[in-house]
Amino acid sequence: TMKATIIGVKKYEFPNKDTGAMVKGLKLHLQFKTAEVIGTACEIKDVTNSNPDMFAPFETYFNNPGELENKTVNFDRNSKGKISDITLLD
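Scoring rules and cut-offs
Residues numbered from 1 in each chain as written. Predicted model: local features only at pLDDT ≥ 70, side-chain atom pairs only at ≥ 80, totals over all residues. Heavy atoms only, no water. Core = buried A, V, L, I, M, F, W, Y, C linked by side-chain atoms within 4.5 Å. Buried < 20%, exposed > 50% of the residue type's maximum accessible area, 1.4 Å probe, protein only. Helix = DSSP H or I, 4+ residues; strand = E, 2+ residues; numbered from the N terminus. Contact = heavy atoms within 4.5 Å. Salt bridge = Lys/Arg side-chain N within 4 Å of Asp/Glu carboxyl O. Pairing = 2+ DSSP bridges. Polar contact = N/O pair within 3.5 Å; in protein donor to acceptor, adjacent residues only side chain to side chain. Axes fitted to C-alpha atoms, helices over the stretch in contact; angles between N-to-C directions.

Draft legend 1. A look at the nonpolar core. In terms of nonpolar packing, the biggest core is built from 18 residues, with Leu26, Leu28, Leu30, Val47, Phe58 and Ile86 touching the most fellow members. For this core, the elements supplying multiple residues, two or more each, are strand S1 (2-15), strand S2 (22-32), strand S3 (41-48), helix H1 (52-59), strand S4 (72-77) and strand S5 (83-88). Discounting chain neighbours no more than four positions away, the residues touching Ile86 are Leu28, Leu30, Lys45, Val47, Met54, Phe58, Val73, Asn74 and Phe75.

Draft legend 2. Fine view of the pattern of salt bridges. A complete count under the given rule lists three salt bridges for this structure. One salt bridge connects Lys27 with Asp46, and the closest N-O pair in it is separated by 3.1 Å. Placement of Lys27 in strand S2 and of Asp46 in strand S3 is noted, with a sequence separation of 19 residues between them. Here Glu43 makes a salt bridge to Arg77, at a shortest N to O gap of 2.8 Å. Of the two residues, Glu43 sits in strand S3 while Arg77 sits in strand S4, which places them 34 residues apart along the sequence. What makes Glu43 partly exposed here is its relative accessible area of 24%.

Draft legend 3. A look at the pairing of S5. Pairing geometry for S4 and S5, over five bridges, is antiparallel. Looking at the pairing, Val73 lines up with Leu88 of S5. What sits between the antiparallel neighbours S4 and S5 is a turn of five residues, in which Gly81 has the positive phi angle 90°.

Draft legend 4. Representation of the side chain of Thr34. Tracing the chain through its elements places Thr34 in the loop between S2 and S3. Judged by its relative accessible area of 17%, Thr34 falls in the buried class. In terms of polar contacts, Thr34 uses its side chain to reach the side chain of Glu36, at 2.6 Å. The residues touching Thr34, leaving out its near neighbours within four places in the chain, are Met2 and Ala41.

Draft legend 5. A look at the sheet that holds S5. Read from one edge to the other, the open sheet built from five strands follows the order S3-S2-S1-S4-S5, with strand pairing classed as antiparallel. Two strands close off the open sheet at either side, each with one partner strand: S3 and S5. Neighbour-to-neighbour, the strand axes of this sheet turn through a mean angle of 40°, independent of strand direction. Strands in contact with H1 are S1, S2, S3, S4 and S5; relative to S5, the strand with the most contacts, it is inclined by about 35°.

Draft legend 6. Layout of the environment of Phe32. Its location among the elements puts Phe32 in strand S2. Taking relative accessible area as the criterion, Phe32 reaches 5% and is therefore assigned buried. Counting along the chain gives 30 residues from Phe32 to Phe62, while the straight-line C-alpha distance between them is 23 Å. When sequence neighbours within four positions are dropped, the list of residues in contact with Phe32 reads Met2, Lys3, Ala4, Thr40, Ala41, Cys42, Glu43, Phe75 and Arg77.

What follows is the structure in structure tokens.
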């Protein structure tokens, strides 16, 4: 598990082209320290309502996404190195 700081957020909402259900999401811009990067590493992770368990803590901020700026998250990576799980800490 690694810690990261949210340094930017982009909110989006659109109808799923197959089902018509509304897709709600937040594109989280993260910064964190890692041994592989000199300086600060940055990565973007989408959290959407298609993964309700992961999205739930972030959904509270959907109408005011700027309030997520500077909050801390924990994240894990899957075997391919992609962020697989992200949790809001504060």
